[in-house]
Amino acid sequence: MGNIGLKYVIIPIMTIPVGFELVIAIISFLILVLTLGIFYSPNLEIPKHYSKKPPMHYIGSHIELNGLKIRYYQIGKGKDVLLLHGSMGSIEDWEPIFSLLSKKCRLTVIDRPGLGFSEVKGTISTIKGNAMIVEKLINKLGLNNVTVVGHSYSGAIALKLAINNTKKIKSYVLVAPA
């Protein structure tokens, strides 16, 4: 047989033209990934010692709001400013500005539900649920004429508070809102 311009790869039991090498490689990879996926079982449970033994630099306390333990931290005296961190953040995201702002303001900072050292249940981690928790926090801590600062995802939470027309909030600052 003469050279007809096709190269062949020999796979046990059959011969396949080179154009199919990529297809075979992709199918083999998918079979491997699916096989590994069947046996993979992540442990999604948070170890119990995390909530009982915070890190050495841990700041703040917990307050119960809507049946959840929410971590908050207050520093300074003066006008009330509530700092809400962005996605996957925590109180510690705001630490670099504590010393500057706490000279003229009473800063209140929280770990949003399910982040940092705060608990989460059900749909409370939605924008609407987070806004409800913030309103309850403002009332329970006795904050007045609050300036709410929302960073990233919390910009949307601040806007939800504005839509709700929360009476104890005076103003809103959105920092790189998402």
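None of these values were measured; they are calculated from a predicted model. Once a new chain begins, its residue numbering starts again from 1 and follows that chain's sequence as written. For a predicted model such as this one, the threshold for reporting local features is a pLDDT of at least 70, and the threshold for listing and counting side-chain atom pairs is 80 or more; totals across whole chains, interfaces and linings nevertheless cover every residue. Excluded from the side-chain calculation are hydrogens and water; included are all heavy atoms of the structure.

To continue, consider the pattern of salt bridges. A pair is scored as a salt bridge if a Lys or Arg side-chain nitrogen falls within 4 Å of a carboxyl oxygen belonging to Asp or Glu. Per the counting criterion, the structure on display carries three salt bridges. The salt bridge partner of arginine 71 is glutamate 92, with a shortest N-O separation of 2.8 Å. Residue arginine 71 is found in strand β4 (residues 68-75), and its partner glutamate 92 is found in the loop between β5 (79-84) and α3 (95-101); the two are separated by 21 residues along the sequence. The burial state of arginine 71 is the same as that of glutamate 92; both residues are buried. The secondary structure listing takes helices from DSSP runs of H or I that are at least 4 residues long and strands from runs of E that are at least 2 residues long, numbered from the N terminus. The cut-offs for exposure are 20% and 50% of the maximum accessible area for each residue type, with area from a 1.4 Å probe on protein chains only; residues under the lower value are buried, those over the upper are exposed, and the others partly exposed.

Turning our attention to the pairing of strand β7 (residues 146-151). Of all six residues in β7, five are buried; the element is thus mostly enclosed. Sheet topology note: the β5/β7 ladder contains four bridges and is parallel. What sits directly across from valine 81, in β7, is threonine 147. For the handedness criterion, the β-α-β arrangement of β7, helix α5 (residues 153-164) and strand β8 (residues 169-175) is classed as right-handed. Strand pairing is assigned whenever DSSP identifies at least 2 bridges connecting the two strands. A right-handed crossover is one whose linking path, passing over the helix from the first strand to the second, runs clockwise when the strands point away from the viewer.

A few words on unusual backbone geometry. At methionine 88, a position not held by glycine, the phi torsion is positive, near 60 degrees. Inspection of the secondary structure puts methionine 88 in the loop between β5 and α3. Residue methionine 88 is classed as exposed on the basis of its relative accessible area, which comes to 71%. The phi torsion at asparagine 145 lies on the positive side, around 45 degrees, for a residue other than glycine. Judged by relative accessible area, asparagine 145 falls into the exposed class, the value being 51%.

Take the sheet that holds strand β6 (residues 105-110) next. Taken together, the six strands give an open sheet; going across it, the order is β3-β4-β6-β5-β7-β8, and neighbouring strands pair in mixed fashion. Each end of this open sheet is capped by a strand with a single partner; those strands are β3 (61-65) and β8. Here the strands of the sheet are splayed against their neighbours by 25 degrees on average, with no regard to which way each runs. Strand direction decides the pairing type here: β3 and β4, joined by five bridges, are antiparallel. Across the sheet, the residue bridging to histidine 62 is arginine 71, located in β4. Across the sheet, helix α4 (residues 127-141) is in contact with β3, β4, β5, β6, β7 and β8; its angle to β3 comes to roughly 110 degrees. All axes here are fitted lines through C-alpha atoms, helices being fitted over the stretch that makes contact, and every angle between N-to-C directions spans 0 to 180 degrees. By the convention used here, residues are in contact when the closest approach between their heavy atoms is within 4.5 Å.

So, about α5. With twelve residues, α5 extends 17 Å between its outermost C-alpha atoms, agreeing within 8% with the 16 Å of an ideal straight helix rising 1.5 Å per residue. Residues of α5 that are buried: Ser154, Gly155, Ala156, Ile157, Ala158 and Leu161. Contacts from the buried residues of α5 go to β5, α4, β7 and β8. Asparagine 165 occupies a position one or two residues after α5 and carries a positive phi of about 55 degrees. Multiply 1.5 Å by the residue count of a helix minus one, and that product is the helix's expected span.

A few words on a nonpolar patch on the surface. Patch membership requires more than 30% relative accessible area and the absence of a salt bridge. Residues of like charge join within 9 Å; the nonpolar side chains Val, Leu, Ile, Met, Phe, Trp and Tyr join within 5 Å. Accessible surface is estimated by sampling points in the Shrake-Rupley manner with a 1.4 Å probe; for residues, cover comes only from the protein chains shown. Taken together, the side chains of Leu22, Ile26, Phe29, Leu30, Leu32 and Val33 present a nonpolar region at the surface, about 590 Å² in accessible area. With respect to the helices and strands, leucine 22 occurs in helix α1 (residues 21-39). On the accessibility criterion, leucine 22 (59% relative accessible area) is exposed.

Attention now goes to the nonpolar core. Leu82, Ile110, Val134, Leu137 and Val148 are the most contacted members of the largest nonpolar core, which has 22 residues in total. Secondary-structure elements contributing two or more residues to this core are β3, β4, β5, α4, β7 and α5. For this core, the element with the highest residue contribution is α4, accounting for six residues. Not counting residues up to four positions away in its chain, the partners in contact with leucine 82 are Thr108, Ile110, Val134, Leu137, Ile138, Val146, Thr147, Val148 and Val149. Here, nonpolar core means buried Ala, Val, Leu, Ile, Met, Phe, Trp, Tyr and Cys residues that are tied together by side-chain atoms lying within 4.5 Å of each other. The next biggest cluster of nonpolar side chains, apart from the first, holds eleven residues, and it includes Val81, Trp94, Phe98 and Val149.

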